[in-house]
Amino acid sequence: MMERRDSIQFTSKFATTYSRLFQGISADQLAPNHDLDRFWSELLDLDVDRDFLATKLNDARKDDCLSRLKPFLNALVDACIRTIRSEETDDTKKSHAASTLGVVSRCLLSKNLAGWEVMELFAGGVSDSDRVFNGLTSAIDEVLGNTTHSASLRHEVLQMAVIFVCGISQLSPGAYFLRHDHFPSIVTTITSPDTEQYTFEAALLLALLANFHKSDAAKLNPYLRCIRETTNEDLMRGICWAANFAAAAVVRAYQNISDDSPPSLSSTFGSLLLALRPDRALATKPVDPPRELFENQPIEACVILLPIFEFLHGSVTFRKVFADTLTTHVEKKTSTPIPPLPITLLSLASESDEILGALRAETNENIRLCRQRLPPLPPFQPPKPPLCGLLDCCILWVRHNLHRKLEVQCYLTCISATYRVLWFLQREHVRLDYHWQELWRALILLLDFLASKLDSLTTTGGVEQLTQETLLLIDFALCRSEQLLPSPQTVHELVYEVVRSADVFRKQQALLDKLANPHVDNSKRHSGSRPRASQALTNIITLAEQYETKLKEAGVRSANQGLRAVAKEIEKDGLSYGTGLHGTDDPPKLSEDVVGFIRFAYADGMALMP
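Bear in mind that the values here come from a model prediction, so they are computed numbers and not experimental data.

As a further point, take the overall build of the protein chain. In terms of regular secondary structure, the protein chain is built from 31 helices and 2 strands. Summed over its atoms, the accessible surface of the protein chain is roughly 29,400 Å², and 51% of this surface lies on carbon and sulfur atoms.

As C-alpha cells, this is what we get:
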C-alpha cells in the first residue's frame with residue numbers, strides 16, 4: 001500500500017549536510033567533484049536552522065570537538081569569516097555566515113574551554129590564531145562601520161560579536177579585540193538612523209570590551225580611553241535613550257509580579273478582604289510578597305547598567321548629557337519624546353556634581369520604586385526633587401537585605417552614595433524636604449543587625465569598614481544638621497532617634513573591638529577611618545547619654561513626650577555636638593572596579609542574544 005504523501009517528512013539540505021559533517025564525513029567526501037571553497041559557499045547560501053545547528057553542537061562532546069570534529073569546525077569558522085569579509089558576496093549570504101558563526105561561538109564557548117582550546121577549535125591551533133582572530137575582528141569592524149550594508153546584516157554581525165565576547169569572557173583570545181579598535185564602528189552603529197534601534201546591543205558590546213582585563217590592562221584598553229575622550233553627544237544621547245527603555249522594562253517586570261501603584265478605592269477594598277483570610281487575619285504586621293516570586297528578577301535587560309556605569313565614571317561630557325536627560329525630554333530624529341531615565345539608574349550618579357545638581361530640581365513626575373516591600377515608605381508627592389527617590393533607594397536597600405549572607409560591598413556602596421548626597425546638600429545649602437526619620441531608622445537598624453547578628457553571618461569580611469562608614473554618616477548628619485535639615489523639627493527628630501537607640505550605639509564599641517585584627521600593629525590600626533569612626537562613636541554616645549539623662553529626669557513615658565522633651569532642650573540651649581571630623585574636602589569616590597558584576601553581564605548579554 002502506498003504511503004500517504006502528507007505523512008512523508010522531508011529533511012532539509014541544511015540538516016542533511018550538517019548531520020553528515022557531525023558524523024565525521026569530510027567536505028571532500030560530501031562534494032568530491034567540487035572544490036572546498038564552493039562547498040562552503042553553497043552551504044552558506046542555505047537558510048540557517050539555528051535550533052538544529054545548536055542542538056548538534058551542544059550534543060557534541062568537548063573531546064570530540066577537539067579531535068575528530070576539529071577539522072570541520074576550523075573550516076566552518078574560516079569559511080564564515082571569509083564570507084563576511086568578501087566584497088563580492090551579497091548581504092544575505094554574509095548574514096547566513098554571521099548567524100552560523102554566532103551559533104558556533106555560543107555553543108563551543110559554553111564547553112568550559114581554556115584559552116588554548118578556543119584557539120584549537122576556532123583556528124586549528126596557536127600558530128594560526130592571529131590570522132583567524134584578526135580576521136574575525138576585522139570582519140566585525142568592516143560590517144559595523146559600513147553604512148552601505150543592510151541594517152539587518154549589521155545587526156546580525158553585532159549580535160554575533162556580543163555572543164563571542166560574552167562567551168570568551170576574560171580568556172586570552174579576547175585580547176584580539178584590544179588590537180583592533182571597534183569604537184568608531186560601534187559609534188556609527190549607534191548614531192546611524194537605520195541602526196540606532198540596535199543601540200542597546202552596541203552599547204553593551206562597547207562596555208564588555210572596556211572591561212576586558214580592566215584592572216591590569218586599563219592603559220592598553222582603547223575602549224576605556226575612547227570613553228574618556230569622546231565628546232560625541234549624539235552617541236551619549238543614544239545610550240541614554242536605550243538605557244531608558246531597558247530600565248523601564250526591568251521595572252515593569254517587577255510590577256507585573258507585584259503591582260506597586262498608589263492605592264485606589266478598589267485596591268484598598270481588595271487588601272481589606274485579603275487581610276480577612278484566616279492565615280493573615282491575626283498577622284501583627286503587613287505580609288511581604290513571597291521572595292520566591294522575585295527569584296528571577298531583575299531580568300537580563302538590567303545589563304544596560306554596565307555601559308551607563310562606564311560612561312558615568314569615564315566621561316565628563318556624558319555626565320552632563322545624562323544630567324540633561326534626567327530633567328528634559330530627549331528628542332530623537334523621529335521627534336518621539338522620550339521620558340526621563342527611570343529612577344533605578346540614579347544610584348550610579350551620586351559621585352557626579354552635575355547629576356546631583358540636576359536631581360535637586362523639583363519634578364512633577366510621580367517617582368515610585370520598590371514599593372512591593374513592606375512597610376512602604378511615605379509616598380512621593382510631586383513636585384519633589386528626584387534626589388528624594390535616590391535616598392529612597394538607599395533606605396530600601398538597607399532595610400530589606402539584612403541576611404546572614406550579607407552583601408557587604410553593596411551596603412558600602414549604598415552608605416557611600418547616601419553620604420555623598422548629604423555632603424552635596426550641605427555644601428550647596430539645600431535643605432531637602434524629605435522623610436528623614438526613615439533614613440535614620442534604617443541606618444540604626446543596620447548597626448543593630450551588625451552588632452546582634454555578627455556571629456551568625458556567613459562572612460565578616462568588610463563588616464568593620466561598613467560599621468565605621470555608617471557611624472561616620474550618622475555623625476556627619478548630626479554635626480551638619482542645622483545646614484542640612486529643613487526645619488527645627490527634623491533636627492529634633494534626628495536627635496531623638498539617636499537618643500532612643502543609645503543601647504545600639506553602645507554595642508558598636510564592642511563590635512569594633514571584636515572585629516579589629518589583633519595581629520595588626522596599633523600604629524597601623526589607627527590609620528584610615530578607624531580613629532575617625534571611634535571619635536564619631538564617642539560623639540554620638542556622648543550626645544545620646546546627655547539627652548538620655550534629661551529624659552529620665554523629666555520622667556518621659558512615651559515617644560511623643562520624649563520628642564517634645566528633646567525639642568525643648570535644644571530650643572533652650574541649642575545643639576552642642578562633639579569634635580568635627582569631616583572638614584571641607586569632598587568625600588573620596590568609590591573604586592571603579594566592577595569585576596563582581598562583569599560575570600553577570602556576560603551571562604545576561606548571552607541570554608539576550610538569539
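So that's the structure; there's more coming.
Here the focus is the environment of Asn74. Along the chain, Asn74 turns up in helix H6 (residues 70-85). Residue classification places Asn74 among the buried positions, given a relative accessible area of 17%. The sequence separation of Asn74 and Glu120 amounts to 46 residues, and the corresponding C-alpha distance is 8.1 Å. Those residues in contact with Asn74, other than ones at most four positions away along the chain, are Glu120, Leu121, Phe122, Ala123 and Gly124. At 2.7 Å, the side chain of Asn74 forms a polar contact with the backbone oxygen of Leu121.

Another point: the packing of aromatic side chains. Summed over the entire model, instances satisfying the criterion amount to 19 aromatic pairs. Here Phe164 and Phe177 contribute two aromatic rings whose centre-to-centre distance is 5.9 Å and whose plane-to-plane angle is 35 degrees, an arrangement assigned as tilted. Within this pair, whereas Phe164 is found in helix H10 (residues 151-168), its partner Phe177 is found in helix H11 (residues 176-179), the two being separated by 13 residues in sequence. For Phe164, a relative accessible area of 0% corresponds to the buried category.

On to the confidence of the model for the protein chain, then. Of the residues in the protein chain, 84% reach a pLDDT of 70 or more, and the chain-wide mean stands at 84. Across the protein chain, the secondary-structure element scoring lowest on mean pLDDT is strand S2 (residues 337-338), at 34, and the one scoring highest is H10, at 98. Across residues 265-284 the pLDDT falls below 50, and counting only partners more than four positions away or on other chains, this stretch makes 6 contacts in the model. The low-confidence segment residues 520-527 (pLDDT under 50) makes 7 contacts with residues lying over four places distant or belonging to another chain.

To continue, consider unusual backbone geometry. In this model, Gln297 is joined to Pro298 through a cis peptide bond whose omega is -5 degrees. Within the fold, Pro298 resides in the loop between helix H17 (265-275) and helix H18 (305-314). Even without being glycine, Ser169 reaches a positive phi, approximately 55 degrees. Within the fold, Ser169 resides in the loop between H10 and H11. A residue is classified by how much of its surface remains accessible, and Ser169, at 26% relative accessible area, is partly exposed.

Attention shifts here to the pattern of salt bridges. Counted under the stated rule, the structure contains 34 salt bridges. Glu438 is the partner of Arg399 in a salt bridge, and the nearest nitrogen-oxygen pair spans 2.7 Å. Pair noted here: Arg399 is in helix H21 (residues 387-400) and Glu438 is in helix H23 (residues 436-453), with a separation of 39 residues, a long-range link. The same class applies to Arg399 as to Glu438, namely buried. Here Arg506 and Glu548 are joined by a salt bridge, their closest N and O atoms 3.2 Å apart. Here Glu548 lies in helix H29 (residues 530-553) and Arg506 lies in helix H27 (residues 502-515), a separation of 42 residues in the sequence. The class for Arg506 is partly exposed, based on a relative accessible area of 30%.

Here we take up the nonpolar core. Side chains of nonpolar character tend, in soluble globular proteins, to be buried together. Counting residues in each nonpolar core, the largest one holds 182 residues, and the members touching the most others are Leu422, Trp436 and Phe505. Excluding residues within four positions of it along the chain, Leu422 makes contact with Leu391, Trp436, Leu439, Trp440, Leu473, Phe476, Ala477 and Leu484.

Once that is clear, we can look at helix H9 (residues 129-144). End to end, H9 covers 22 Å across 16 residues, agreeing with the expected 22 Å (1.5 Å per residue, within 8%). Burial analysis of H9 places 12 of its 16 residues in the buried class, which makes it a mostly covered element. For H9, the set of buried residues is Ser129, Val132, Phe133, Gly135, Leu136, Thr137, Ser138, Ala139, Ile140, Asp141, Val143 and Leu144. Looking at the buried residues of H9, the elements they touch are H6, helix H7 (91-108), helix H8 (115-123), H10, H11 and helix H12 (183-191).

Once that is clear, we can look at the side chain of Ser138. Relative to the elements of secondary structure, Ser138 occurs in helix H9. Under the relative-accessibility criterion, Ser138 is labelled buried at 12%. When near neighbours in sequence (up to four residues on either side) are disregarded, Ser138 contacts Arg85 and His180.

Let's shift gears to the packing of H21 against helix H22 (residues 408-427). Axes are the key here: two packed helices are described by the angle between their axes and the distance separating the axes. Two elements in contact, H21 and H22, have axes separated by 10 Å at closest approach and are oriented at 150 degrees. It follows from the interaxial angle that H21 and H22 lie roughly antiparallel. In this structure, H21 crosses over H22, and the sense of that crossing is left-handed. Contact with H21, carried on its side by Leu387, Leu390, Leu391, Cys394, Trp397 and Val398, involves Cys410, Tyr411, Cys414, Ala417, Thr418, Val421, Leu422 and Leu425 of H22 and no other residues of that element. Taken together, the residues that form the contact of H21 with H22 break down as 13 nonpolar, 1 polar and no charged.

Orientation of H23 relative to H27, taken along the N-to-C sense of each, is 45 degrees, at an axis distance of 9 Å. When the axes of H23 and H27 are compared, the pair comes out oblique. The two elements H23 and H27 cross, and the hand of that crossing is left-handed. Across from Ile444, Leu447, Asp448, Leu450, Ala451 and Ser452 in H23, the residues of H27 making contact are Val504, Phe505, Lys507, Gln508 and Leu511. Taken together, the residues that form the contact of H23 with H27 break down as 7 nonpolar, 2 polar and 2 charged.

About the thresholds
Residues numbered from 1 in each chain as written. Predicted model: local features only at pLDDT ≥ 70, side-chain atom pairs only at ≥ 80, totals over all residues. Heavy atoms only, no water. Helix = DSSP H or I, 4+ residues; strand = E, 2+ residues; numbered from the N terminus. Areas by Shrake-Rupley, 256 points an atom, 1.4 Å probe, with all protein chains shown as cover. Buried < 20%, exposed > 50% of the residue type's maximum accessible area, 1.4 Å probe, protein only. Contact = heavy atoms within 4.5 Å. Polar contact = N/O pair within 3.5 Å; in protein donor to acceptor, adjacent residues only side chain to side chain. Phe/Tyr/Trp six-rings, centres within 6.5 Å; stacked < 30°, edge-to-face > 60°. pLDDT = per-residue confidence, 0-100. Salt bridge = Lys/Arg side-chain N within 4 Å of Asp/Glu carboxyl O. Core = buried A, V, L, I, M, F, W, Y, C linked by side-chain atoms within 4.5 Å. Expected span 1.5 Å × (residues − 1). Axes fitted to C-alpha atoms, helices over the stretch in contact; angles between N-to-C directions. Parallel < 35°, antiparallel > 145°, perpendicular 65-115°, else oblique. Left-handed = near helix turned anticlockwise from the far one by under 90°. Nonpolar A, V, L, I, M, F, W, Y, C, P; charged D, E, K, R; others polar.

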